[in-house]
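Notes for the structure review
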Amino acid sequence: NEMKRKKTVRAVADKSRGARGNMRKYCIEKDIRGEAYKVLIDFLGRYASSVLLIAQDYLATESCQDALRKLADFGEEVERVSEWPGTKLFGGTVLCHKFRASQESLTFVRNHVDSLFSWCWPENPEDLSFAMRDGRILLLTTAHESYAEVAVYEDMVLPPAVEAILNKHHCS
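Now for a look at the structure at hand. The structure presented is a predicted model; accordingly, all values stated were derived computationally and were not measured.

Reading the values: rules and limits
- Residues numbered from 1 in each chain as written.
- Predicted model: local features only at pLDDT ≥ 70, side-chain atom pairs only at ≥ 80, totals over all residues.
- Heavy atoms only, no water.
- Buried < 20%, exposed > 50% of the residue type's maximum accessible area, 1.4 Å probe, protein only.
- Helix = DSSP H or I, 4+ residues; strand = E, 2+ residues; numbered from the N terminus.
- Contact = heavy atoms within 4.5 Å.
- Pairing = 2+ DSSP bridges.
- Phe/Tyr/Trp six-rings, centres within 6.5 Å; stacked < 30°, edge-to-face > 60°.
- Lys NZ or Arg CZ within 6 Å of the ring centre and 35° of its normal.

Every buried residue of helix H3 (residues 103-112) is accounted for by Ser105, Leu106, Phe108, Val109 and Arg110. If you follow the buried residues of H3, they end up packed against helix H1 (34-47), strand S4 (50-55), helix H2 (62-71), strand S8 (94-100) and strand S9 (126-131).

Counting buried positions along strand S10 (residues 137-142) gives five out of six residues, so the element sits mostly inside the fold. Bridge count for S9 against S10 is two bridges, and the pairing is antiparallel. Bridging from a neighbouring strand, Ala131 pairs with Ile137 of S10. Between the antiparallel neighbours S9 and S10 lie five residues, among them Gly135 with a positive phi of about 95°. Pairing geometry for S10 and strand S11 (residues 147-153), over four bridges, is antiparallel. Within S11, the residue paired with Thr141 across the bridge is Ala148.

Counted by the stated rule, this structure contains four aromatic pairs. Ring geometry for Phe43 against Tyr47: centres 5.6 Å apart, planes inclined by 65°, an arrangement best described as edge-to-face. Of this pair, Phe43 and Tyr47 both sit in helix H1, four residues apart, which is roughly one turn of the helix. Judged by its relative accessible area of 22%, Tyr47 is partly exposed. Measuring from centroid to centroid gives 6.0 Å for Phe74 and Phe108, while their planes differ by 45°, and the two rings are tilted. In this pair, Phe74 is assigned in the loop between H2 and strand S5 (77-81) and Phe108 in helix H3, connecting sequence segments 34 residues apart. Looking at Phe74, the relative accessible area reads 11%, which means it is buried. Owing to a relative accessible area of 11%, Phe108 belongs among the buried residues under this scheme. Of the aromatic side chains, those joined through ring pairs into one cluster are Phe74, Phe99, Phe108 and Trp119. Over the ring of Tyr153 we find Arg136, and its NZ or CZ is 4.6 Å from the ring centre.

Encoded structure:
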């Protein structure tokens, strides 16, 4: 039961100006793994108020089902959607699991997988996203397409270690 997806337009301009100020967007097509993944999650977690993960309606593995059960402990909201950060379905819906970006939930996100693109169905919930309280998206992923975007807004402090990770994995 394949659903057609439309990816967001991949704007890879170094800087853009939106309604909420200057922002630098990093387009990622090389997986961020191991310690670099954990450093990125810790950085995004400082600014995020919510974390989103997507679940299809079919063929979830035991690991995926276990992850979804654990997510419920983090103030989870579940909504049936046809669109989420980075993706719009043409036909069909999925379940969007949204939970608080707390120390406990971020520890789960850091430790459940070992890389950004490991959030891929059916082994895991998919398309990890982080959002700020005002709705700005910090991270969107389309893991099965090995694609992510990280947004760094002017009111954020980008540590040199995180900047090095993003530059190393940034689309050329």
